[in-house]
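# Descriptive structure summary
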Amino acid sequence: MYPKRNYNYFMTMHDNKLLVIGGGRDTDRWGRRGTYMKYENGEWYNFNENEINNKFRNFWDYTGIAIDPNNPDRYFISSYGEGIVELKNNEAIQLYDSQNSTLESIAKLDPLHYVRIGGITFDKNGNLWATNCEVPSLLQVLKANGEWVKFQSSELAISYKTDKITITSDNRKWINCDQGIFIFNEKGTIDDKSDDESKLYTTFTDANGSIDVSGYYCVVEDKTGQVWIGTSRGLSFVGIQEIVSTKYLANVLSGQTTKMENLFNLLDGEKINAIAD
């Protein structure tokens, strides 16, 4: 068995299995057939996308996959147009869109094919988080009890390229987007929005001043608590302990010759699309 298509928009590891999502998007969808492939023990498994298409409707341009931390047979796939589908044992269970959840469709366009999801991931409590692009409620969560909750931010209203979500060990949500890096913390109280904190970082600085980048493409936390950011100008990192309630980066990291403030830039000039720890 071979991979069914040469698509690899998003990849992640889960329990020693490589999961490959072969959809895609930029500011608009790519029009790719639904593609999910898994590599395990030297063999490929190709998901039959008609399991979703025939039960609900055409579900194209997959953008992400998230495995339930409490049930590895249950997982979710997101689409840049049709919302999010829930599957169990590779059987489609439920399609979530603007008709049956808080997920939003782009205003005045087809509500069934403009529910644009940039990325999905689970937190440690079994809540599924999703980025909802080009709509006021950019961040959505399907709680472990089945209830949906949406969040808005004036800093990131109607973002065209709200992308993937990385949840760090301190439970903050890091989202790379066209404007920069958006960091959100609901402080473990999803239903109480009065204590929420968020900040959009449009620029970062090193010892020489602002780092001029044109894009932020991925975020990952390593085992030491450093958060690595892939940009259009290489690889940078910052300690998660420096994202504090005052909402700015104030850490001083030790460099080889001088003290570096906030970020240390590596591979300058290289576009970093993916990082694995």
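A quick note: this is a predicted structure, and the numbers were derived from the prediction, not measured. All residue numbers here refer to positions counted from 1 along the written sequence of the relevant chain. The predicted nature of this model means local features are confined to residues of pLDDT at least 70 and side-chain atom pairs, given and counted, to a pLDDT of 80 or more, with totals for whole chains, interfaces and linings taken over all residues. By convention in this description, side-chain values take in all heavy atoms of the structure and omit both hydrogens and water.

## A few points about unusual backbone geometry
With glycine set apart, most residues show a phi of negative sign, and most peptide bonds adopt trans. As a reminder, the rule being used: Strands here mean DSSP runs of E at least two residues long; helices mean DSSP runs of H or I at least four residues long; both are numbered from the N terminus. The rule is simple: take the accessible area with a 1.4 Å probe, protein chains only, and divide by the maximum for that residue type; under 20% is buried, over 50% is exposed, in between is partly exposed.
Non-glycine residue Asp 15 carries a positive phi angle of around 50°. For Asp 15, the location among the structural elements is in the loop between β1 (10–14) and β2 (17–21). Since its relative accessible area comes to 56%, Asp 15 is described here as exposed.

## Notes on the side chain of Arg 172
Spelled out, the test is: Pairs of N or O atoms within 3.5 Å make up the polar contacts considered here, provided that, within protein, one atom can donate a hydrogen while the other can accept it, and that residues adjacent in sequence are counted only when both atoms are side-chain atoms.
Structurally, Arg 172 can be placed in the loop between β13 (165–167) and β14 (173–176). Judged by its relative accessible area of 13%, Arg 172 falls in the buried class. Among the polar contacts listed, one links the side chain of Arg 172 to the side chain of Asp 170, at a separation of 2.5 Å.

## Considerations on the side chain of Asn 132
Note the cut-off: Contacts are assigned to residue pairs with any non-hydrogen atoms lying within 4.5 Å of each other.
By the secondary structure assignment, Asn 132 is in strand β10 (residues 128–132). On the accessibility criterion, Asn 132 (1% relative accessible area) is buried. Side-chain polar atoms of Asn 132 contact the backbone nitrogen of Glu 104, separated by 2.7 Å. Residues in contact with Asn 132, not counting those within four places in the same chain, are Leu 103, Glu 104, Arg 116, Ile 117, Ser 137, Leu 138 and Gln 140.

## Considerations on the packing of aromatic side chains
We describe a pair of aromatic rings using the distance from one ring centre to the other and the angle between the two ring planes. In plain terms, the rule: Centre distance within 6.5 Å is the pairing criterion for rings of Phe, Tyr and Trp, where only the six-membered ring of Trp is used; planes under 30 degrees apart are then read as stacked, over 60 as edge-to-face, and the remainder as tilted. We call a charge positioned over a ring when the NZ of a Lys or the CZ of an Arg lies within 6 Å of the ring centre and within 35 degrees of the ring normal.
Taken as a whole and assessed by the stated rule, the structure comprises 11 aromatic pairs. Judged by centre distance (6.4 Å) and plane angle (75°), the ring pair of Tyr 36 and Tyr 45 falls under edge-to-face. Taking the relative accessible area as the measure of exposure, Tyr 36 reaches 4% and is therefore buried. Ring geometry for Tyr 36 against Tyr 75: centres 5.6 Å apart, planes inclined by 55°, an arrangement best described as tilted. Of the two residues, Tyr 36 is situated in strand β3 (residues 36–40) and Tyr 75 in strand β6 (residues 74–81); the sequence distance between them amounts to 39 residues. Here Tyr 36 matches Tyr 75 in class, with each residue buried. Here the aromatic cluster, defined as three or more aromatic residues joined through ring pairs, consists of Tyr 36, Tyr 45, Phe 47 and Tyr 75. Of note, Lys 38 hangs over the ring of Tyr 45, and the distance from its end group to the ring centre comes to 5.3 Å. Note that Lys 271 overlies the ring of Tyr 217, its terminal NZ or CZ placed 4.6 Å from the centroid.

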